[in-house]
Amino acid sequence: MTVVDAAGLTAWVHEFTRLVHEQRDALTQLDAAIGDADHGANLDRGTAAAVAALEAQAPEEPAAVLKTVATTLIKTVGGASGPLYGTFFLRAAGALDGDDGAAFATAVRAGYEGVVARGKAERGDKTMLDALGPACDALDEALGAGKPLDEALRLAADAAAQGRDATVPMVARKGRASYLGERSAGHQDPGATSATLLVEAAATALAGRG
Amino acid sequence: MPVGVVVVSHSRALAEAAVELARGMLPGRELAIGTAAGDVDGGLGTDATAIADAVTAADSGDGVVVLMDLGSAVLSAETALELLDDEVRERVVLSPAPLVEGLVGAVVTAAAGAGRDRVAAEALLGLAPKQAHLGG
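Caption draft 1: Region of interest: the packing of aromatic side chains. Residues and elements named next belong to chain A. Going through the model one piece at a time under the given rule, you end up with four aromatic pairs over all chains. Look at Trp 12 and Phe 89: their rings are 5.6 Å apart centre to centre, the planes differ by 45 degrees, and that puts the pair in the tilted class. Of this pair, Trp 12 sits in helix α1 (residues 6-22) while Phe 89 is found in helix α5 (residues 81-95), placing the two residues 77 residues apart along the sequence. Centre to centre, the rings of Phe 88 and Phe 89 are 5.2 Å apart; their planes meet at 85 degrees, and the pair counts as edge-to-face. Since its relative accessible area comes to 1%, Phe 88 is described here as buried. Clustering of aromatic rings is evident, with ring pairs tying together Trp 12, Phe 88, Phe 89 and Phe 104.

Caption draft 2: Representation of the packing of helix α4 (residues 62-76) of chain A against α5(A) in the model. Residue and element names in this part refer to chain A. At their nearest, the axes of α4 and α5 sit 8 Å apart, and the two run at 165 degrees to each other. With respect to each other, α4 and α5 are oriented roughly antiparallel. Between α4 and α5 lies a crossing of left-handed hand. When α4 is examined against α5, the residues Ala 63, Leu 66, Lys 67, Val 69, Ala 70, Leu 73 and Ile 74 are found in contact with a partner set consisting of Gly 82, Tyr 85, Gly 86, Phe 89, Leu 90, Ala 92 and Ala 93. Residues belonging to the contact of α4 with α5 are distributed by class as follows: eleven nonpolar, two polar and one charged.

Caption draft 3: Seen up close, the nonpolar core. By size, the foremost hydrophobic cluster in this structure holds 60 residues, and its most contacted members are Trp12(A), Phe89(A) and Phe104(A). Of all the secondary-structure elements, those providing two or more residues to this core are α1, α3 (39-56), α4, α5, α6 (101-119), α7 (129-144), α8 (149-165) and α9 (190-205) of chain A. Among the elements that take part in this core, α9(A) stands out by supplying nine residues, more than any other. Not counting the four nearest positions on each side in its chain, Phe89(A) is found in contact with Trp12(A), Leu66(A), Val69(A), Ala70(A), Leu73(A) and Leu198(A). One finds Ala18(B), Val65(B), Ala114(B) and Ala120(B) within the second-largest nonpolar core, a separate group that totals 24 residues.

Caption draft 4: Examining the environment of Ala50(A) more closely. All names here are of chain A. Of note, Ala 50 is situated in helix α3. As for Ala 50 and Thr 10, which are separated by 40 residues in sequence, their C-alpha atoms are 9.8 Å apart. Residues within four places of Ala 50 in sequence aside, it is in contact with Val 13, Val 69 and Thr 72.

Caption draft 5: Layout of unusual backbone geometry. Residues and elements named next belong to chain A. Despite not being glycine, Ala 37 has its phi angle at roughly 60 degrees, a positive value. By the element assignment, Ala 37 lies in the loop between α2 (24-34) and α3. Overall, Ala 37 belongs to the partly exposed group, its relative accessible area being 37%. Of note, Lys 126 is a non-glycine position whose phi angle comes to about 70 degrees, a positive value. Along the chain, the position of Lys 126 falls in the loop between α6 and α7.

Caption draft 6: Summary view of the side chain of Thr196(A). Counting through the fold element by element, Thr196(A) comes out in helix α9. Setting aside anything within four residues of it in sequence, one finds Thr196(A) in contact with Ala131(A), Ala160(A), Ala161(A) and Arg164(A).

Caption draft 7: The interface of chain B and chain A, seen in detail. Tallying the contact residues gives twelve residues for chain B and 13 residues for chain A. Carbon and sulfur atoms supply 59% of the area that chain B and chain A bury against each other, a total of about 1,200 Å² over both sides. On the surface where chain B and chain A come into contact, there are three salt bridges. At the boundary of chain B and chain A, one finds six residue pairs in polar contact (both at pLDDT 80 or more). Listed by contribution, the elements that provide at least two residues to the side of chain B that touches chain A are α2 (48-58) and α3 (72-83) of chain B. Looking at the side of chain B that touches chain A, the element that brings in the most residues is α3(B), giving seven residues. Of the residues belonging to the side of chain B that touches chain A, the class tally is four nonpolar, five polar and three charged.

Analysis parameters
Residues numbered from 1 in each chain as written. Chains lettered and ligands numbered in written order. Predicted model: local features only at pLDDT ≥ 70, side-chain atom pairs only at ≥ 80, totals over all residues. Heavy atoms only, no water. Phe/Tyr/Trp six-rings, centres within 6.5 Å; stacked < 30°, edge-to-face > 60°. Helix = DSSP H or I, 4+ residues; strand = E, 2+ residues; numbered from the N terminus. Buried < 20%, exposed > 50% of the residue type's maximum accessible area, 1.4 Å probe, protein only. Axes fitted to C-alpha atoms, helices over the stretch in contact; angles between N-to-C directions. Parallel < 35°, antiparallel > 145°, perpendicular 65-115°, else oblique. Left-handed = near helix turned anticlockwise from the far one by under 90°. Contact = heavy atoms within 4.5 Å. Nonpolar A, V, L, I, M, F, W, Y, C, P; charged D, E, K, R; others polar. Core = buried A, V, L, I, M, F, W, Y, C linked by side-chain atoms within 4.5 Å. Buried area = accessible area lost by both parts, 1.4 Å probe. Salt bridge = Lys/Arg side-chain N within 4 Å of Asp/Glu carboxyl O. Polar contact = N/O pair within 3.5 Å; in protein donor to acceptor, adjacent residues only side chain to side chain.

Given below as structure tokens:
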């Protein structure tokens, strides 16, 4: 079975949307502690719109799926998460070349680097990068070691979750939470939490595809 | 054709008022000033696709200078660059100038027929009179 065809990527987006909806209130509560309490609602609205856009006109090309998701999130998420998640999917769409696990890993890495460039943030700043970065590393390492994509994505999801948990003691250096300074420590970052759901969704939706 | 000017703001009302204020500096002169402000529902927010559309509409071939308010407006303006055609993107300057002061400097210079880089430079100087006056 082809791993990253349009159907596989669409399934990824569907699963991400389901997880965001399920975790909507939890994401908002995390954001209420160190942000402006809208992350859950914003991402829930945006991912639902992305699913609707994919259903209204299902793209045939895998990259077009990611592009549709990018532009829909940009239009509907709002705040900083819209351009950041939008850039992730936009750069992933541009880098997707091939239909195997390695191509998926390359696309996701490009998306991660796009978020780094857009947010001018780095790991340790208490952002979504603290989950996405370790996930990309784990994915590359596992595929490089010859592990099947299923297992590699599961390791990536575990790495994302560990990265998310590691944001708790961090002091935020980017975004609205950085206004809190030292007071941002002791709270799990909402962006790293939603980014973990994105990786978790890939591990679930692409399972059995290679 | 003059250089295009686009205002990006979280608030439609803020963008329109800033444009009205800047237009007051242009009695009897025509200048198209684009806006991309607010979210899709008219609430507070910015939308990179709307910014890309406004930039494309404002570009007559001589480039566009984009003024923006703060925070995610900056991220959205940068994201909009990625959505533009390569040819248009090369002619766009995202100005770090303060929105109101920068806009006034930009439109006065653009209406006088200056090129894109000169318009962007004037926008950046927009804060200087206030700083000089207040001794800052």
